[in-house]
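# Examining the three-dimensional arrangement
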Amino acid sequence: MQWVLRDPSRFLQERKDLEQLQKEADWLAACAWRVDADLVVEVDMDFEIHGKSYAVMLTYPDLFPETPAYIRPRDASQQWSNHQYGPGGSLCLEWRADNWERHVTGADLARSAHRLLTAEK
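Quick caveat: nothing in here was measured; it's all calculated off a predicted structure.

### Focus on the overall build of the chain
A count of helices and strands for the chain gives 3 helices and 4 strands. Secondary structure elements of the chain occur, N-terminal to C-terminal, as α-α-β-β-β-β-α. By the compact-globule yardstick of 14 Å for 121 residues, the chain fits well, its C-alpha radius of gyration being 14 Å. In the chain, the share of contacts with a sequence separation of at least 24, taken over all contacts with a separation of at least 6, comes to 42%. Separation between the mean location of the 14 positive side-chain charges and that of the 20 negative ones in the chain comes to 1 Å.

### Considering the packing of aromatic side chains
For the structure on display, the rule yields 9 aromatic pairs. Ring centres of W3 and F64 lie 4.9 Å apart, and the angle between their planes is 75°; this geometry places the pair in the edge-to-face category. On the criterion of sequence distance, the pair formed by W3 in helix 1 (residues 2-6) and F64 in the loop between strand 3 (52-60) and strand 4 (70-73) is long-range, its members being 61 residues apart. When sorted by exposure, W3 lands in the same class as F64, which is buried.

### Focus: the environment of G51
On the secondary structure map, G51 appears in the loop between strand 2 (41-49) and strand 3. Counting along the chain gives 24 residues from G51 to W27, while the straight-line C-alpha distance between them is 9.8 Å.

### Comments concerning the pairing of strand 2
Burial analysis of strand 2 places 8 of its 9 residues in the buried class, which makes it a mostly covered element. Across 7 bridges, the pairing between strand 1 (residues 28-35) and strand 2 is antiparallel. Residue A32 lies in a different strand from strand 2, and its bridge partner there is D44. Two successive antiparallel strands, strand 1 and strand 2, enclose a turn made up of 5 residues, where L39 displays a positive phi of approximately 65°. Looking at chain direction, strand 2 and strand 3 are connected through 9 bridges and run antiparallel. Across the sheet, D44 pairs through a bridge with M57, a residue of strand 3. Between strand 2 and strand 3, which pair antiparallel and follow one another directly, the connecting turn spans 2 residues, one of which, H50, has a positive phi of 50°.

What counts and how
Residues numbered from 1 in each chain as written. Predicted model: local features only at pLDDT ≥ 70, side-chain atom pairs only at ≥ 80, totals over all residues. Heavy atoms only, no water. Helix = DSSP H or I, 4+ residues; strand = E, 2+ residues; numbered from the N terminus. Rg over C-alpha atoms; globule rule 2.2 N^0.38 Å. Contact = heavy atoms within 4.5 Å. Lys, Arg positive; Asp, Glu negative; His and termini not counted. Charge placed at Lys NZ, Arg CZ, Asp CG, Glu CD. Phe/Tyr/Trp six-rings, centres within 6.5 Å; stacked < 30°, edge-to-face > 60°. Buried < 20%, exposed > 50% of the residue type's maximum accessible area, 1.4 Å probe, protein only. Pairing = 2+ DSSP bridges.

Set out below in C-alpha cells:
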C-alpha cells in the first residue's frame, strides 16, 4: 500500500482505468479492489474467455509503478498457460521486470492477460 500513499494520483488513475476497462470489455465480468493482510493492494477480476471463467488477481507491489504489477490465478493450484510461472504463479505478460515501463497500468496488464489466455485456450 506504500505506493498508494506515495502517489495517490496514480492510484486514482489506476482505479479509473480499470473502471473504464470494465465498461468497455465484455470479457471482464467482475472487478473488486481490496487490501490483503500484508497491506498489499490487489484487484480480483473475473475474465470470461471462450465460455470459461478465469478468476484472476492483479497485485500491485509496494514499489509500483517503479516495479511491475502482476496477474495470477486466485486459486494457487491453477495453471492456465505455458507462459505462467508454475501453478498459482504469475502470467508472463507483455511487460515484466526486464522491460517494465512506469506508464503501464493494471488495465494494460489485464488486457495483456486476456490476449494471452484467449490465444492459448
